[in-house]
Structures are given as C-alpha cells and as structure tokens.
Number of protein chains: 2
Amino acid sequence: MATGKSVIRERRRHRGDNRVTIEDVAKQAGVAPITVSRALNTPEKVSAKLRERIDHAVEALGYVPNLIAGGLASAGTRVIPVIVPSLSILTFIEVVHGIQQTLEAAGYQVLLGSTDFDLDREAALVDSVLGYSPSGVIMTGLLHRDSTVRRLKAWGRPVVELMELGDSCLDMNVGVENDEAGACMARHLLERGYRRIAFLGTGMQRDYRARQRYEGHRQALEAAGVKGDLLFHNEEPSSYAAGRRVFLEALEACPDLEAMHFANDNLAAGAILEANRRGMRVPEDIAIGGYLGLPLGEHLTPQLTTVAVPRFEMGVEAAKLLLVRLEGRSPPSPRVDIGYELIVREST
Amino acid sequence: MATGKSVIRERRRHRGDNRVTIEDVAKQAGVAPITVSRALNTPEKVSAKLRERIDHAVEALGYVPNLIAGGLASAGTRVIPVIVPSLSILTFIEVVHGIQQTLEAAGYQVLLGSTDFDLDREAALVDSVLGYSPSGVIMTGLLHRDSTVRRLKAWGRPVVELMELGDSCLDMNVGVENDEAGACMARHLLERGYRRIAFLGTGMQRDYRARQRYEGHRQALEAAGVKGDLLFHNEEPSSYAAGRRVFLEALEACPDLEAMHFANDNLAAGAILEANRRGMRVPEDIAIGGYLGLPLGEHLTPQLTTVAVPRFEMGVEAAKLLLVRLEGRSPPSPRVDIGYELIVREST
DNA sequence: CTGTTAGCGCGTTCAT
DNA sequence: ATGAACGCGCTAACAG
C-alpha cells in the first residue's frame, strides 16, 4: 500500500527538478545519507567496504552533490568572491587568473564582482556576495567604505586585500609598495643622468595606486635635488591611445624634457609607438620608462625599461594565503610583499 | 521562564555565525517572515504600510538575505557559471567582461570556471557548478563531451554556447562564423594582388576555431585557383613572441611569400614588431593580416589590417539572451550571429 | 566507524 | 494582502 512515506517521496521536488539526491545514493548503497556525505567529504572516516559501495552508487546514479544544500547546512559554500575594480584592465585580470587557477585546483569556485572603482558599488557588492555564505573573500585595495569594513570584520572569515601594501588591513594583505616602486624607476632615470624628468599618467583620480607611485617618484627626485613635480595627466582610462596623447601633450608643454616615467606600460608602449611613427629616437631624444612588466614591452623597438610586478603570482599568493586559513591553519605572516623588479632595457 | 522556544533560539546557529535572519527582521517589524520575504522579492504584493515598516527594520538591522537558503528553497540561485577555456587569452576575458557587466546589472553573479581547453575538465566543471543550482549557464564552444551534453539537457535551464556558430546547439548560441571570417581575410589578400599566401597559427591543435578559419582561408584561395594549403604552425600558446617565431620560420621556409594571414592579432603584432626590428618593409616585403581587432593593431607601424570581432558585445549579447529566458520570455531567435568586420589598414 | 535527530534560512503551497 | 506549515538537500551534534 502507499504509505505516508511514499506520498512524501511523490511530492518531493518543488518544480520539475529531478536531480539525484544523497538519499537516492544512500538507498542504493544501503546506508544512511550521512554516511554517503562522509564518504564524499571525509573518506578516511568511512570503512573501505562502504566507501566502495557508495562510490559505485554515486557513479551508477550520476549523483552530483547539491552544494547549495551543503552550504546551508554547514554555513559555508566553497565559493570565494573576488572583487576587482575593473575587468577591462589587464592587471586585474592577470591577478584574477592567478587566483582562479589556484582556488579551482583546491576545489573552490571564484565568484566575480567588479566595482568600476566605485566604493559604494563595492559596499553593495560585498553585502550581496556575503549572502552566498562564501568561505572567504578577496578584495582589491585597502581603501573601503566604513560599512564595508564593519561588515567584513563582523563576518569573521578570511579576507585578503590585494594590490597595495599598508599598515593596517582587514585580515590579510598581499601586494607591492607602490611608492617604493615609483621611487625605483625615478632613481634609475637619475642614475642614467636624466634631470628633466616627468611623470605621466591617466585616470589618476580614481587610481590612487598610481598616485602612490607618483609620490615615490617625486620624493626620489627631490631627494636628489631635482625638480620632481613635473606631472602630466588626464582622466581618460589607460590605453595605448591615451599614452600617445599624454606623450604629445608633455612634449609640447615641455620640449626640453629628457625622460618620461609613465604610470604603466600601456601608456609607455603608446608613447614608444608614437615615437616610432614620428621617427623620434628613444632614448636619445626622450627616454621612456614604464611600470608593470607587460609582455609587449620587450617586443617594442626600443625595448621598454620597466618596473615589473608579478601580477599572476600576486593572485596565486593571495589565494594560497586564503587556503591556508581555510584549512584552519594560520599563515606565517598575514602580510606578503610580492616585490617588484627593475628591468632595464633599451628605452632608457 | 525559559520556554522551549527560547531554548531553540539560543542554540540556533551552528557555529559562531551570527547573521541577521529574515526572522529577526520579521520580529522587529511585527510581521511574519514570509511577509518580509515578499516585501523584498515581490514588493507589489505587500501593502505600502508594511513595506515601509519592513524596509526600516531591514535597514536598522543591516539584514542581508541569505541567498543560499533562498536558493535551496526556490531551487535557483542568481548565479551564472561562465565556463571558458582560458583566462590568459584576452579574447575570452573581453567576452567575460561583457557577460559580467550585463549580468551584474541585472542582479546576477558570475561564477568563473576555466577548462584549459580540456573537455574532461569541462565535464567535471559542469557537474560541479550545477551543484550551485545556477539560474543558467554560459559555455564556450559547441564541442563537448557526451556526458556534458546529457547533463545540461537533462538539467533543462537556459544555456548559451558562445564563440562559434553551428547547426545545432544545446539551447542558445551566439558567435561568429569562423570559416567565413577566415575566407574574408583570404579574399582581401587576393584582391590586393597577393598570390603566395600563407596561414600562420599557434596552438591550433586545441583551438579548433582557428582551424575553422584556416579552412575558410584555404577554400577561398583554392576557389581563386591559388595554392591554399601553405600552413605554418606550432603548438605553443599565442603570444607576441610566438608570432615573431612563426613569422621567421615561415620566411625561412618560404622566402618568396608575399602575404601572411595570422590566426590572431597577437601573432600578427609580433610579426610586425619583428619586421620593425629587422627593418623589413610591411607590406612591400611581406603583407600581414590578423584576426580579432585588438587595440594594439592600430598603433603599430604599419597599422595592422584585421578582421575584427566584437568580443565584448558578444558577451553582452549572450548575457542578454540568457536574461530574456530567465524572465520567462523566449528570445526572437536562439541563434545570434555577432558578425565580423574587415578593417583594412596599412599592413596589407 | 555508523546511524539518529534536528535543524541551516528561506520560499512554496495552501489557507484565510 | 497576510500567515502557518512544511520541506528544499545536506551536515553538525550526539549516540551507539
């Protein structure tokens, strides 16, 4: 006869959904659902014999765990939101790539969010993604709305802040010292004998990391007794075209310039390409330095001198830090300086 | 006295988790939890008065819905997995960018997965992400393991397959006709009067879309009575450096070549940069054509002739198609040809 | 090592 | 327009 039990089974799924559940597997293997759960999540806690029976049943039925249900029960999905300012800027993408590759290998999934450099959008995004009960969060930068900081602190799970390094962070921090990187290129240009040196950037209003590099640049020049506040910038987004434009603007405004320190390699590459077009000699007529270490730099003529930052590795490192914490251990240091490297090539 | 009820409330959360729940809000507003749920999800079904009280309570308590619980109850989170072959290839990133921007604006979140061009990894990823009860899925390409196809079909929710167009797709399809795009460039080179024309690519073993373009190229040449199977390729990933290398290999193997049709702009740009370095004249000594329409192309000297594909728009279109289906409507056509455009510049 | 019980926080369903 | 009851599928906690 149809018992009450079977009635329940009939109306089990809300809608046309008919996925195999852990209960189906348990029945097939002749065990309790929890044993299936254990066989899948902590195999060492289940006898070899049962494990095998269960693996069979899983295979036979094509069971795929419902991670949503698991997440609700255990208050933690294997999802890591990664919040970046923009997906149109190569830097962030390479970082995301490093993160994604590392986390996916460890069985976590990346939930992508972008703020368009807007801290209010960041705040809203954080609220929203915390609703997914993520295992941890990776954020860009150290600068957030108070509400964001409060939420994340109250939340209490691992958080990594990425890109720049600072005195205080929410939880963990990996990045580079932007002012030092800026000073590094400035000192290199000084050593080469250049004295009329300008810093050129775009979108520096929103990109405070570029401003930090400029600050390092300025201080390095002034420490050497050289005028350091020669700055050219506009607010368009970084691109080759933007690089060509600031390059020309600076040349026009300041024809006796000897060297240009660009806020990033995209701009610097644009400048070299423009110089190529006009038959200008680099570095004889004008020296050019960049920041990032984009692959394009070494293929230009002249090859671009740059301060390279390991962007992919920065992502990997952030993910590793998070994974350590997710495994319940605590990392040797919650702060990782990923470093930078001056690569001297032909353009200076 | 402590009633049974309050005991339950004490031990409510499994672990240190202390998030505000819908019940807290309901209590504060003096309504039932379900009313809060409605006020948030279908405000038009709740009286203005209650809605206001509830909004207040939400604000005051800082309530953020637990999307996991919602997902479990309603069998559908607002998550869209996007599965791409690689995050180190700019093309896919721009597509993801378009998708992400469109979906995020509509209140959906992108779950990122990458397969490294491996169909078995793709199959595993699909299994895994379906566990998140996503609202829909966006996949790359039309070629999948049988098991992947079966799962997705049985699953029954919206699926978009992206990049190339084909006769049959799982559900919806947006992309470009690769063979036509390849033929387009080939015909352009023929029109320019070139006869000794080679196709050069890298990683074509895994990248069957590049093979499709080569096929279109070959047929166009042979239709014109020109030898079409001049092919140079190797299996390294695409990069400027790889472009420089195939360029040199082809020149050496075939010094009387008149034109080169590259599988993508990265390779073509590498070739132009190498030609710059060697003082070779393009297109006089050798003509160069690309595919994609990367920004770099127009800044090179000579500017690169290319077949441009609107990659960002392709992502936007895919997301829109999905959104239409998610709103319960059905799109005018489940197949969108995103098109391509021949951009003739200086290099041919 | 295995099972029982009791929710996780919501939305569906059905009643009012 | 609002509410009560129930279960989505899984795992934590506690027994045995």
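Residues numbered from 1 in each chain as written. Chains lettered and ligands numbered in written order. Predicted model: local features only at pLDDT ≥ 70, side-chain atom pairs only at ≥ 80, totals over all residues. Heavy atoms only, no water.

**Q** Which parts of the structure should I look at to understand the domain arrangement of chain A?
**A** Interface size is often expressed as the accessible area that is lost when the parts come together. Per the domain assignment, the segments of chain A are domain 1 (4-61), domain 2 (72-176 + 312-340) and domain 3 (178-309). With centres defined by C-alpha atoms, the gap from domain 1 of chain A to domain 2 of chain A works out at 34 Å. (Domains from an automatic or database assignment.)

**Q** What am I meant to see in the nonpolar core here?
**A** The tendency in soluble globular proteins is for nonpolar side chains to be buried as a group. The biggest cluster of nonpolar side chains holds 94 residues, and the ones touching the most others in it are Ile-138 and Leu-162 of chain A together with Ile-138 and Leu-162 of chain B. Apart from the residues within four sequence positions on either side, Leu-162 of chain A is in contact with Val-95, Ile-99, Ile-138, Met-139, Thr-140, Gly-141, Val-174, Met-314 and Ala-318 of chain A. Ranked by size, the runner-up nonpolar core spans 64 residues in total, among them Leu-267 of chain A together with Met-260, Phe-262 and Ile-272 of chain B. (Core = buried A, V, L, I, M, F, W, Y, C linked by side-chain atoms within 4.5 Å. Buried < 20%, exposed > 50% of the residue type's maximum accessible area, 1.4 Å probe, protein only. Contact = heavy atoms within 4.5 Å.)

**Q** What is the right way to read the sheet that holds strand E11 (residues 335-337) of chain A from this model?
**A** Strands in a sheet are paired, the pairing made by backbone hydrogen bonds, and the direction either parallel or antiparallel. An order of E11(A)-E5(A)-E4(A)-E3(A)-E1(A)-E2(A)-E2(B)-E1(B)-E3(B)-E4(B)-E5(B)-E11(B) is seen for the twelve strands of this open sheet, with the pairing classed as mixed. Each edge of the open sheet carries a strand with a single partner, namely E11 of chain A together with strand E11 (335-337) of chain B. With strand direction ignored, the average angle separating the axes of adjacent strands in the sheet is 20°. Taken together, the four bridges between strand E3 (residues 137-140) of chain B and strand E4 (residues 159-164) of chain B define a ladder with parallel strand orientation. Opposite Thr-140 of chain B, over in E4 of chain B, you have Leu-162 of chain B as the bridge partner. Sheet strands in contact with helix H7 (residues 119-130) of chain A are strand E1 (79-84), strand E2 (109-114) and strand E3 (137-140) of chain A together with strand E2 (109-114) of chain B, and its direction is about 175° off that of E1 of chain A. (Pairing = 2+ DSSP bridges. Helix = DSSP H or I, 4+ residues; strand = E, 2+ residues; numbered from the N terminus. Axes fitted to C-alpha atoms, helices over the stretch in contact; angles between N-to-C directions.)

**Q** What is the right way to read the environment of Thr-115 of chain A from this model?
**A** For Thr-115 of chain A, the position within the fold is in the loop between E2 and H7. Discounting chain neighbours no more than four positions away, the residues touching Thr-115 of chain A are Ile-83, Val-84, Pro-85, Arg-121, Glu-122 and Leu-125 of chain A.

**Q** Would you take a moment to explain the relation of the copies chain B and chain A for this structure?
**A** These two copies of the chain differ by a rotation about an axis and a displacement along the same axis. For the pair chain B and chain A, the relating rotation is 180°, the translation along its axis is 0.1 Å, and the fit reaches an RMSD of 0.2 Å. Such values leave the two copies arranged in the relation of a two-fold axis. Judged by C-alpha distance, Leu-111 of chain B is the residue of chain B that lies nearest the rotation axis, at 2.3 Å. (Least-squares fit on C-alpha atoms with pLDDT ≥ 70 in both.)

**Q** Just checking my understanding: could you explain the UniProt feature "domain: HTH lacI-type" (unreviewed entry) in chain A for this structure?
**A** Following the UniProt record, the feature "domain: HTH lacI-type" (unreviewed entry) maps to residues 20-74 of chain A here. Between the end C-alpha atoms of residues 20-74 of chain A there is a gap of 20 Å, over a span that is 71% helix and 0% strand. (UniProt positions renumbered as here; feature names shortened; annotations may be inferred.)

**Q** Would you mind going over the packing of H7 of chain A against helix H8 (residues 146-155) of chain A with me for this structure?
**A** When two helices pack together, their arrangement is given by the angle between the helix axes and the distance between those axes. Residue and element names in this part refer to chain A. One can describe the packing of H7 onto H8 by two numbers: an axis separation of 9 Å at closest approach and a directional angle of 25°. The orientation of H7 with respect to H8, classified from their angle, is roughly parallel. In this structure, H7 meets H8 at a crossing whose hand is left-handed. Facing H7, whose interface residues are Glu-122, Ala-123, Val-126, Asp-127 and Leu-130, H8 presents Ser-147, Thr-148, Arg-151, Leu-152 and Trp-155. The residue makeup of the contact of H7 with H8, split by class, is five nonpolar, two polar and three charged. (Parallel < 35°, antiparallel > 145°, perpendicular 65-115°, else oblique. Left-handed = near helix turned anticlockwise from the far one by under 90°. Nonpolar A, V, L, I, M, F, W, Y, C, P; charged D, E, K, R; others polar.)

**Q** Sorry, what's going on with the protein's contact with DNA strand C here?
**A** By nearness alone, 27 residues border DNA strand C, and Thr-35, Arg-38 and Ser-47 of chain A together with Ser-37 and Tyr-63 of chain B come closest of all. Counting only atoms of DNA strand C within 4 Å of the protein, the fraction found in sugar and phosphate groups is 69%. Measuring from a phosphate oxygen of DNA strand C, one finds a backbone N or O atom of Ala-32 of chain A at 3.3 Å. Taking Ser-47 of chain A, its side chain carries an N or O atom lying 2.6 Å from a phosphate oxygen of DNA strand C. If you list the elements that add at least two residues to the surface near DNA strand C, you get helix H3 (33-41) and helix H5 (67-74) of chain A together with helix H3 (33-41) and helix H5 (67-74) of chain B. The element contributing the most residues to the surface near DNA strand C is H5 of chain B, with four residues. A class-by-class count of the residues in the surface near DNA strand C yields twelve nonpolar, nine polar and six charged. (Near = heavy atom within 4 Å. Polar contact = N/O pair within 3.5 Å; in protein donor to acceptor, adjacent residues only side chain to side chain.)

**Q** Is there a simple way to explain the interface of chain B and chain A in this structure?
**A** On the chain A side, the residues contacting the 58 residues of chain B number 58 residues. Carbon and sulfur atoms supply 58% of the area that chain B and chain A bury against each other, a total of about 4,800 Å² over both sides. Of all residues in chain B, Ile-68, Tyr-132 and His-299 of chain B give up the largest surface area on contact with chain A, accounting jointly for 15% of the area buried on that side. For the pair chain B and chain A, the number of links is 26 residue pairs in polar contact (both at pLDDT 80 or more). Listing elements by their share of the side of chain B that touches chain A, those giving two or more residues are H5, helix H6 (90-105), E2, helix H7 (119-130), helix H8 (146-155), helix H11 (240-253) and helix H12 (265-278) of chain B. Grouping the constituent residues of the side of chain B that touches chain A by class yields 28 nonpolar, 18 polar and twelve charged. (Buried area = accessible area lost by both parts, 1.4 Å probe.)

**Q** Explain the packing of aromatic side chains here, please?
**A** Residues and elements named next belong to chain A. Tallied over the entire structure, the rule returns four aromatic pairs over all chains. Both rings, one in Phe-92 and one in Phe-117, keep their centres 6.4 Å apart while their planes meet at 70°; by these two values the pair is edge-to-face. Taken together, the positions of Phe-92 in helix H6 (residues 90-105) and Phe-117 in the loop between E2 and H7 put the pair 25 residues apart, joining distant regions of the chain. A relative accessible area of 5% places Phe-92 in the buried class. (Phe/Tyr/Trp six-rings, centres within 6.5 Å; stacked < 30°, edge-to-face > 60°.)

**Q** What is the right way to look at the sheet that holds strand E10 (residues 305-308) of chain A in this model?
**A** Residues and elements named next belong to chain A. Ordered by their spatial adjacency, six strands build an open sheet running E7-E6-E8-E9-E10-E12, and the pairing between neighbours is mixed. Two strands close off the open sheet at either side, each with one partner strand: strand E7 (231-234) and strand E12 (341-343). Each neighbouring strand pair of the sheet contributes to a mean axis angle of 20°, computed without reference to strand direction. Direction of pairing for E10 relative to E12: antiparallel, over a ladder of three bridges.

**Q** What exactly am I supposed to notice about the pairing of strand E5 (residues 172-176) of chain B here?
**A** Sheet faces and side chains relate simply in a regular strand, where the side chains alternate between the two faces. Residue and element names in this part refer to chain B. Burial analysis of E5 places five of its five residues in the buried class, the great majority of the element. Burial along E5 is two-sided: Met-172, Val-174 and Val-176 facing one way and Asn-173 and Gly-175 facing the other are all buried. Where E4 meets E5, five bridges bridge the pair, whose relative direction is parallel. Pairing of Glu-161 across the sheet is with Asn-173, part of E5. In this structure, E5 lies alongside E11, joined through three bridges in parallel fashion. In the sheet register, Gly-175 faces E11, and the bridge partner there is Asp-337.

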